[in-house]
Amino acid sequence: PTEVCFARCVRFSSTIGLSFATLEARFFCLTMQVMIDVVLGEIEAFLKYSNIHGTVSLEESPHFGFRFNIKVPDARFLIGEHGASLASLEYLIKKIVQKQFPESPNFSLDVNSYRLRRAETLREEVKTVAKRVRMYRKEIILKPMSSFERRIIHMSLAEYPDIITESVGEDRSRRVVIKPNLL
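Numbers given to residues run from 1 along each chain, matching the order in which its sequence is written. Only residues with pLDDT of at least 70 are given local features in this predicted model, and only at 80 or more are side-chain atom pairs given and counted; all residues enter the totals for whole chains, interfaces and linings. Heavy atoms throughout the structure, all of them, feed into the side-chain values; hydrogens and water do not.

(A) Expanded view of the packing of helix H5 (residues 114-136) against helix H6 (residues 147-157). One can describe the packing of H5 onto H6 by two numbers: an axis separation of 9 Å at closest approach and a directional angle of 50°. Judged on the interaxial angle alone, H6 and H5 are oblique. As for the relative orientation of H5 and H6, their crossing is right-handed in sense. Judged by residue contacts, Arg115, Arg118, Ala119, Leu122, Arg123, Val126 and Ala130 of H5 engage Phe148, Glu149, Ile152, Ile153, Ser156 and Leu157 from H6. We call Asp, Glu, Lys and Arg charged. Ala, Val, Leu, Ile, Met, Phe, Trp, Tyr, Cys and Pro are nonpolar, and the rest, Gly among them, are polar. Residues of the contact of H5 with H6, tallied by class, amount to eight nonpolar, one polar and four charged. Note on geometry: axes are C-alpha line fits, over the in-contact stretch for helices, and angles between N-to-C directions span 0 to 180 degrees. Counting from the N terminus, the helices are DSSP H or I runs at least four residues long and the strands are E runs at least two residues long. These descriptions rest on fixed angle ranges, namely under 35 degrees for roughly parallel, over 145 for roughly antiparallel, 65 to 115 for roughly perpendicular, and the rest for oblique. Working rule for handedness: look at the near helix, and if it is turned counterclockwise from the far one by less than a right angle, call the crossing left-handed; if clockwise, right-handed. Two residues qualify as a contact provided that any one of their heavy atoms is within 4.5 Å of a heavy atom in the partner residue.

Written out as structure tokens, the structure reads:
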């Protein structure tokens, strides 16, 4: 966490370029460190209350923001069916943190790198779908997905200028439509 915070301070200091940049950067780092400590504390309190033995590590990622990865011997309970328990836990932790830090940066929870692996699988699958959309010049509607999965697909296909993605539907039936860009 300290290295991540320091890297953000350096970037923040260099972009501000004012004489008070160091003070601002230090305040930013202090706030980030406190927010990180709150998230870690809440996750550890949940694990302790649930009688789950595990560790929590922190990484910074362009796709996930701060990613808190919970490592446990048996992840089934924390992940749930199709990641439902993990999504619920993340929602609760984010609400707790947002009460204390309304301007908190984006962060995500993961369990035994489940979401990281799921994101890689989705990226590979969506490349195949994009090839079919290009070849047949017809839109393809994917199965309903969580907001996390839809975001991965939108981000993965954003680099393709000849492909357009759009989320359609409501609630649990929300899905991604992949279309050819006919312009």
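(B) Structural view of H5. With 23 residues, H5 extends 33 Å between its outermost C-alpha atoms, agreeing within 8% with the 33 Å of an ideal straight helix rising 1.5 Å per residue. Whether a residue is buried, partly exposed or exposed follows from its accessible area with a 1.4 Å probe, protein chains only, as a fraction of its type maximum: under 20%, in between, or over 50%, in that order. All of the buried residues in H5 are Arg115, Arg118, Ala119, Leu122, Arg123, Val126, Val129, Ala130 and Val133. For H5, the elements touching its buried residues are helix H4 (84-100), strand S3 (107-111), strand S4 (140-141), H6, strand S5 (163-168) and strand S6 (175-180). Downstream of H5 by a residue or two, Arg137 has a phi angle that is positive, lying close to 55°. Multiplying one less than the number of residues by 1.5 Å gives the expected span of a helix.

(C) Broad picture of the packing of aromatic side chains. Think of it this way: a Phe, Tyr or Trp ring, Trp meaning its six-membered ring, pairs with another when their centres are within 6.5 Å, and the plane angle makes it stacked under 30 degrees, edge-to-face over 60, tilted otherwise. Overall, the coordinates contain one aromatic pair when judged by the stated rule. Ring geometry for Phe68 and Phe107: centres 5.8 Å apart, planes at 90°, overall edge-to-face. Here Phe68 is found in strand S2 (residues 65-71), whereas its partner Phe107 is found in strand S3, with 39 residues between them in sequence. Here Phe68 matches Phe107 in class, with each residue buried. Our definition puts a charge over a ring when NZ of Lys or CZ of Arg is within 6 Å of the ring centre and also within 35 degrees of the ring normal. Lying over the aromatic face of Phe107, Lys94 brings its terminal NZ or CZ to 5.6 Å of the ring centre. Just above the ring of Phe148 sits the side chain of Arg115; from NZ or CZ to the centre is 4.9 Å.

These results come straight from atomic positions and should not be treated as a statement about function.
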